[in-house]
Amino acid sequence: MVGGFEVGAVPFNPDGWGPPESASPHLPNHPINVPFAPFSRSDKLGRIADWTRTYNNPSRNPLRNPSDSVFDFTGDDSFGAGIAADEDSSFRLVDGKPPPRPKFGPKWRFQQQRQLPQRRDEEVEARKREAEKERARRDRLYNLNRSGGNNQRREAAVFKSSVDIQPEWNMLDQIPFSTFSKLSFSVPEPEDLLLCGALEFYDRSYDRVTPKNERRLERFKNRNFFKVTTTDDPVIRRLANEDKATVFATDSILSTLMCAPRSVYSWDIVIQRVGNKLFFDKRDGSQLDLLSVHETSQEPLPEAKEDINSAYSLSVEAAYINQNFSQQVLIRDGNKVTFEEPNPFANEGEEVASVAYRYRRWKLDDDMYLVARCEVQSVVEAEVGDQRGAVLATELKNNANKLAKWTAQALLASADLMKLGYVSRVHPRDHFNHVILAVVGYKPREFAAQINLNTTNMWGIIKSIVDLCMKLNEGKYVLVKDPSKPQVRIYEVPADAFENDYVEEPLPEDEQVQPPAEEANGGEANAAITDVEEKEVTAEA
């Protein structure tokens, strides 16, 4: 039996796609000129299928298969309301299985699709914040480990130049500190050309001072201290006229150059080339006359100059402490050790601090010698080095440059012993009264090895700077430590530079503002904000 299948009449539309516009006898219930899906150009076209939504309301069609919900648009506004829901009941999915649920990610990603863009933005911002934190952490670690930890720079700190760079100054060269670490130069033992001044003996009772039996720091207003630069020294002028050397400096200036890679604060040294001679000077009121405090610390200090805990205020305070400490630890009974000539800077009958100046000469080359004025503050009988205790690691970390400069000065003077005194404020807010907590002695060479101070590298820095300056023409120059970068710059300056500068001198102690009495007497020594190590360089008798 052969079966037949009648297709029926298919209307032909010669004017375009779709059924003809006229009514068709095959669609008796279809109105004239009405499309199959009523929509206009302003309406949104419907979707073929939507797997992102589900309809689980059984009241609408309890016999409906839930897998058919992806094709259910009866509630969609883009379709006419006349289409009944039961007209699609004959349609079935070929594969009605729901898509597999991913095993990763929180549930809200698949239940609240409309919030996905906002969630993604929040995640992106969170990842950006984490990346910024990671970069900041790496920067902190870089600054902490830069130059072996000796050139640490506290984060977000802004340092100012020690001297105002004028527009007419001509920068000749800049030297990064990284080049200094590779230098090395050995010099023979120096010879003493002249010794001046007088020294008092060190009081050994201060070696037994402890925080439990502290001693009040006294003030010595009647003793004069001198901070004379190189070219103002009459002895150096005399030695220069006698052609004893070609390079002249002081121990303070040389130690600054030797320990330059450890410095953080800005400093400057004036260089004068006169004929075939070279003079290293400091300006009046220079930062070299003060003592830095917490220079290599990571803790920021107040920026206001009038704050008693600012870098400048602490430097002035430390300078006064150092002067008073160097005189208090002496036996002031009139017994002194005198040398060839008296103090070259004191007037007759003037009471001066206990100090001796050693004018020493080093050979840098076959026809080049360096003369420097070195200082010692007291004399002590021959003894085995007193090394009770050790310098705290935090002090070596916070004041690495200052300790290195003191050690360099002791080595330049060939001092046999270096005394470090630990001095504290009586009260954290009292920068006028202090107490001595302990005094510890060290042999300079052993202490230099302990703090990793290499003498050949120190002299290598001096030799390289001298060689560079000897190539300059006659005139005046200034060597400036960059306030924000580990490098120094050489500027050519006018001949009258720094001669008429206004210098803001620190107030004497008796003119400084003192704290109220209840604050000055209410604190304990161990509550001080800053402990300052002060040095006493001694020579054995």
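Conventions and cut-offs
- Residues numbered from 1 in each chain as written.
- Predicted model: local features only at pLDDT ≥ 70, side-chain atom pairs only at ≥ 80, totals over all residues.
- Heavy atoms only, no water.
- Axes fitted to C-alpha atoms, helices over the stretch in contact; angles between N-to-C directions.
- Helix = DSSP H or I, 4+ residues; strand = E, 2+ residues; numbered from the N terminus.
- Parallel < 35°, antiparallel > 145°, perpendicular 65-115°, else oblique.
- Left-handed = near helix turned anticlockwise from the far one by under 90°.
- Contact = heavy atoms within 4.5 Å.
- Nonpolar A, V, L, I, M, F, W, Y, C, P; charged D, E, K, R; others polar.
- Expected span 1.5 Å × (residues − 1).
- Buried < 20%, exposed > 50% of the residue type's maximum accessible area, 1.4 Å probe, protein only.
- Salt bridge = Lys/Arg side-chain N within 4 Å of Asp/Glu carboxyl O.
- 1 Å grid on protein atoms, 1.4 Å probe; cavity = no way out; pocket = protein on both sides within 12 Å on 5 of 7 lines; lining within 4 Å.
- Points joined across faces, edges and corners; volume = space filled by probe spheres on them.

Caption draft 1: Structural view of the packing of helix α4 (residues 251–258) against helix α7 (residues 400–412). It is at 9 Å that the axes of α4 and α7 come closest, and there the two elements cross at 125°. Compared by their axis directions, α4 and α7 come out oblique. Crossing handedness for the pair α4 and α7: right-handed. Contact residues: D251, S252, L254, S255, T256 and M258 in α4; K405, A408, Q409 and L412 in α7. Considering only residue class, the contact of α4 with α7 consists of 4 nonpolar, 4 polar and 2 charged.

Caption draft 2: Region of interest: α7. Its 13 residues place the ends of α7 18 Å apart at the C-alpha level, agreeing with the 18 Å of an ideal helix rising 1.5 Å per residue. Counted residue by residue, α7 has 13 buried out of 13 residues, so it is predominantly covered. Within two residues after α7, S414 carries a phi angle of roughly 55°, on the positive side.

Caption draft 3: Broad picture of the side chain of N398. Within the element layout of this structure, N398 appears in helix α6 (residues 393–398). Since its relative accessible area comes to 13%, N398 is described here as buried.

Caption draft 4: Quick look at the pattern of salt bridges. Evaluated as defined, the whole model comprises 16 salt bridges. The salt bridge involving R223 is made with E351; its shortest N-O contact spans 3.4 Å. Placement of R223 in the loop between β3 (215–216) and α3 (234–241) and of E351 in the loop between β7 (336–338) and β8 (355–365) is noted, with a sequence separation of 128 residues between them. The exposure class assigned to E351 is partly exposed, which follows from its relative accessible area of 41%. Via salt bridges that share partners, D192, R358 and R360 belong to a single interconnected network.

Caption draft 5: Just the environment of F225, in detail. Here F225 shows up in the loop between β3 and α3. Taking relative accessible area as the criterion, F225 reaches 26% and is therefore assigned partly exposed. Between the alpha carbons of F225 and V355 there is a distance of 9.0 Å; along the sequence they are 130 residues apart. Aside from chain neighbours lying at most four places away, what touches F225 is F220, Q323, S326, Q327 and A353.

Caption draft 6: Broad picture of empty space enclosed by the protein. Under the definition given, this model contains 2 cavities of 30 Å³ or more. Roughly 780 Å³ of internal volume is contained in the largest cavity. Lining the largest cavity are 43 residues, with K227, S252, L288, D289 and L291 sitting closest to its centre.

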